[in-house]
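Spelled out, the chains give:
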Amino acid sequence: MSSADVIVIGLGSMGGAAANALAQRGLSVLGFERFWPSHDQGSAHGGTRIIRQSYFEGVEYVPLLRRAYEGWRQLEDQAEAKLVTITGGIYIGDPEEETFTGALSSAREWNLQHEVLSSDEITERFPAMRPADHAVGLFEENAGFVDPERTTAANIRVATEHGARLHFGEAVLSWTATRGGGVEVVTRHGTYGADRLVVAPGAWSAQLLGEVGAPVTAERQVMYWFQPGYSRGRPVFEDYAVGRQPVFIERTDGNEQVYGFPIADGSGGGIKIGFFHDERPTDPDAVDRTVLPFEIARMQSRALELFPHLTGPLLQAKTCLYPSAPDDHFMIGLHPEHSQVTVATGFGGHGFKFVPVVGDIVADLASRGRTDLPIGLFDLERPALLG
Ligand SMILES: Cc1cc2nc3c(=O)[nH]c(=O)nc-3n(C[C@H](O)[C@H](O)[C@H](O)COP(=O)(O)OP(=O)(O)OC[C@H]3O[C@@H](n4cnc5c(N)ncnc54)[C@H](O)[C@@H]3O)c2cc1C
């Protein structure tokens, strides 16, 4: 039986980062991934993920985001890869709406650089957008996007350079805590032993984590790429491009919250947009990857409310899975029954920007059983996760 200090199950966004952080700390790491590196079957594909710090989801996330930003630079250096593009970010809503007020609370509490803009000021600076007259926006210079496929590839590469043995195309069937305080992992190809285990299976959490993973649902979400149309007889592509258009999140007048990106490399000349919360729990092994005409029409008419000239064709649409906890907060900690097992899941639709700091947290927990980083919000036994 092959063995290691730590086994990592799932080499996607978080498992990849954890394997990298653990290997860099000198531990012998064995990792298993059912698919191929940077695959498109889970939560980490589609070319872009927003990163931002004025976090409307909660002021508690800001210290972790600061640390994550440092981690992004480190990973770029180690992997010699460009992962981060800073474009600025704008969070638009009614003056009393959480997209705006939550971002403002985080910016104020943590003294983050920001500007508050009126609807007219938003259109003046970012001409592709025409928000509702009474809307306001918080603009954050320091926001932008990261490339999820390249990030996962970078973590895998650096982990491997530090000695991690990572097996792709090898699904884990089960794991058990052994009497001696270690773990045993059974895959399609064999049985492996280790002192510690990290379980980061994303949308497959319910399959691998029993009761602990049961609250995590796999939500089918669609990403759409639309081509801009013409405005006043001229093409307006440059208004939607990096350098002019920031990443954005918007919710006004009770409509559905949308998020999106400027035209980026690899986007085929379209802006990417999606509904932030379009909750459709699905079976992660039987995802309907077909995007239906009514879904496209619904997205396009919503997009036109913010981008009146986004009248060009749909370039592509892809499905992705949110591994979501009921309260949309992450789930990170030691397994309640087996302290040699670290769990990292529930990252929903907003986890990617935290990849490097989650790698550090998981490495802390798996190597010394505790972390100094603030993770109280992510408690595996919090009331919001019960029944
Ligand atoms: C459409 C969409 C848009 C998003 N936008 C943003 C954004 O703008 N900003 C942001 O910060 N976040 C965003 N997110 C969220 C973010 O991408 C996710 O929170 C994050 O990728 C989840 O990481 P994970 O490691 O839990 O899952 P994954 O990256 O999917 O990794 C889990 C891995 O475990 C593997 N696995 C599962 N079961 C087994 C098994 N039995 N054996 C072996 N391997 C197994 C899977 O194959 C997978 O590779 C978005 C997500 C989606 C879907």
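Values in this document were obtained by computation on a predicted structure and should not be read as measured data.

**Brief notes about empty space enclosed by the protein**
Item 1. Scanning all chains against the criterion turns up one cavity of 30 Å³ or more.
Item 2. Taken as a whole, the largest cavity encloses approximately 30 Å³ of empty space.
Item 3. Lining of the largest cavity is provided by Q221, V222, Y224, F275 and D278.
Item 4. By residue number, the principal contributor to the lining of the largest cavity is strand β13 (residues 217-226), which donates three residues.

**Some points on the site of the ligand**
Item 1. Among the 34 residues in the neighbourhood of the ligand, the closest are listed as S13, E33, H39, I50 and C320.
Item 2. Within the contact set of the ligand, a nitrogen atom lies 3.1 Å away from a backbone nitrogen or oxygen of R34.
Item 3. Coverage of the ligand by the protein amounts to 99% of the 1000 Å² it exposes when considered alone.
Item 4. Taken together, the elements giving at least two residues each to the shell around the ligand come down to α1 (13-24), β2 (29-33), β3 (49-51), β17 (258-261) and β20 (314-324).
Item 5. Counting residues per element, the shell around the ligand draws most heavily on β20, at three residues.
Item 6. In terms of residue class, the shell around the ligand is built from 19 nonpolar, eleven polar and four charged.
Item 7. Two domains each donate at least three residues to the shell around the ligand, and these are domain 1 (2-45 + 149-213 + 327-386) and domain 2 (84-144 + 218-324).

**Focus on the nonpolar core**
Item 1. Among the nonpolar cores identified, the biggest contains 52 residues, and V8, L22, W72, V198, I332, F354 and I361 are the most heavily contacted of them.
Item 2. Looking at this core, the elements with two or more residues in it are β1 (2-9), α1, α2 (62-79), α5 (148-161) and α9 (355-368).
Item 3. Dropping the residues within four chain positions of it, W72 is found in contact with I51, L83, V84, V146, T151, F352, K353, V355 and P356.
Item 4. Grouped together as the second largest cluster of nonpolar side chains are 27 residues, F226, V236, A303 and L306 included.

**With respect to the sheet that holds β3**
Item 1. Here three strands make up an open sheet; going across it, the order is β3-β8-β4 and the pairing antiparallel. Both edges of this open sheet fall to β3 and β4 (84-86), since each of them pairs with a single strand only. This sheet shows a mean twist of 30 degrees between the axes of neighbouring strands, independent of strand direction.
Item 2. Contacts between α2 and the sheet are confined to β3, β4 and β8 (144-146), with β4 contributing the most and set at about 125 degrees to the helix.

**Section: α5**
Item 1. In a regular helix each residue adds 1.5 Å, so 14 residues correspond to 20 Å; α5 covers 20 Å between its end C-alpha atoms and thus fits that length.
Item 2. Those residues of α5 lying buried are P148, T151, T152, A154, N155, I156, V158 and A159.
Item 3. Buried residues along α5 sit against α1, β3, α2, β8, β9 (165-168) and α9.
Item 4. The backbone nitrogen of E149 has a side-chain oxygen 3.1 Å away, supplied by the residue at the start of α5, namely D147.
Item 5. Trailing α5 by a residue or two, G163 shows a phi angle of about 95 degrees, which is positive.

**What to know about the domain arrangement of the protein**
Item 1. Domain boundaries assigned for the protein yield domain 1 (2-45 + 149-213 + 327-386) and domain 2 (84-144 + 218-324).
Item 2. Centre-to-centre separation of domain 1 and domain 2, based on C-alpha positions: 31 Å.
Item 3. Counting from both sides, the interface comprises 16 residues of domain 1 and, opposite them, 13 residues of domain 2.
Item 4. For the pair domain 1 and domain 2, the summed buried area comes to about 1200 Å², and 52% of that belongs to carbon and sulfur atoms.
Item 5. Viewed at the interface, domain 2 and domain 1 are joined by one salt bridge.
Item 6. In this structure, D285 engages R34 in a salt bridge whose closest nitrogen and oxygen atoms are separated by 3.5 Å.
Item 7. At the junction of domain 1 and domain 2, the tally comes to eight residue pairs in polar contact (both at pLDDT 80 or more).
Item 8. Per-class residue counts for the side of domain 1 that touches domain 2 are three nonpolar, ten polar and three charged.

**Examining the packing of aromatic side chains**
Item 1. Here the structure, examined in full by the defined rule, presents 20 aromatic pairs.
Item 2. A cation over a ring is seen here: R125 above F139, with NZ or CZ 5.1 Å from the ring centre.
Item 3. When the ring centre of F275 is taken as origin, the NZ or CZ atom of R298, which lies over that ring, is 4.3 Å away.

**Concerning the layout of surface pockets**
Item 1. Empty space within the second largest pocket amounts to approximately 380 Å³.
Item 2. The wall of the second largest pocket is formed by 24 residues, among which G47, F145, D147, A264 and D265 lie closest to the centre.
Item 3. Of all the secondary-structure elements, those providing two or more residues to the lining of the second largest pocket are β8, α5 and β20.
Item 4. In terms of residue class, the lining of the second largest pocket is made up of nine nonpolar, eight polar and seven charged.

**Observations concerning the packing of α1 against α5**
Item 1. Two numbers describe how α1 lies on α5: the axes approach to 8 Å, and their chain directions differ by 25 degrees. The angle between the axes of α1 and α5 places the two elements in the roughly parallel class. Of the two elements, α1 crosses α5, and the hand of that crossing is left-handed. Here S13, G16, A17, A19, N20, A23 and Q24 of α1 lie close against α5, whose contacting residues are T152, N155, V158 and A159.

Rules used throughout
Residue positions within a chain follow its written sequence, with the count starting from 1. Local features are withheld for residues below a pLDDT of 70 in this predicted model, meaning they are given only at 70 or higher, and side-chain atom pairs are given and counted only at 80 or more; totals for whole chains, interfaces and linings count all residues. The side-chain numbers reported here are obtained from all heavy atoms of the structure, hydrogens and water having been left aside. Only protein atoms enter the calculation, which uses a 1 Å grid: trapped sets of points that fit a 1.4 Å probe without letting it out are cavities, open sets showing protein on both sides within 12 Å along at least five of seven lines are pockets, and any residue with an atom within 4 Å of a point is a lining residue. Grid points are joined across faces, edges and corners, and a volume is the space filled by probe spheres set on the points. Here a strand is any run of E in DSSP of at least two residues, a helix any run of H or I of at least four, and the numbering for each starts at the N terminus. It suffices for a single heavy atom of a residue to lie within 4 Å of a molecule or strand for the residue to be listed as near it. Here a polar contact is taken to be a pair of N or O atoms separated by no more than 3.5 Å, where protein atoms must pair a possible hydrogen donor with a possible acceptor and residues adjacent in sequence count only if both atoms sit in side chains. For every accessible area listed, the method is Shrake-Rupley and the probe measures 1.4 Å; residues are considered covered only by the protein chains on display. We call Asp, Glu, Lys and Arg charged. Ala, Val, Leu, Ile, Met, Phe, Trp, Tyr, Cys and Pro are nonpolar, and the rest, Gly among them, are polar. Domain start and stop points were drawn from an automatic or database domain assignment. Residues grouped as a nonpolar core are buried Ala, Val, Leu, Ile, Met, Phe, Trp, Tyr and Cys residues, joined through side-chain atoms within 4.5 Å. Relative accessibility under 20% of the residue-type maximum defines a buried residue, over 50% an exposed one, and the middle range a partly exposed one, all with a 1.4 Å probe and only protein chains included. For this analysis, residues touch if any pair of their heavy atoms sits within 4.5 Å. Note: two strands are recorded as paired if DSSP finds a minimum of 2 bridges between them. Axes here refer to lines fitted to C-alpha atoms; in helices the fit is confined to the stretch in contact. Angles between the N-to-C directions go from 0 to 180 degrees. Working rule for helices: expected span equals 1.5 Å times residues minus one. Put simply, buried area is the surface a 1.4 Å probe can reach on two separate parts but cannot reach once they are joined, added for both. Salt bridges, as used here, are contacts in which a Lys or Arg side-chain nitrogen is within 4 Å of a carboxyl oxygen on Asp or Glu. Each aromatic pair joins two rings of Phe, Tyr and Trp (for Trp, the six-membered one) with centres within 6.5 Å, and gets the label stacked for planes under 30 degrees apart, edge-to-face for over 60, and tilted for any other angle. The rule for a charge over a ring is simple: NZ of Lys or CZ of Arg within 6 Å of the ring centre, and within 35 degrees of the ring normal. Any angle between 65 and 115 degrees counts as roughly perpendicular, while under 35 counts as roughly parallel, over 145 as roughly antiparallel, and the rest as oblique. Note on convention: near helix rotated counterclockwise from far helix by under a right angle means a left-handed crossing. Clockwise means right-handed.

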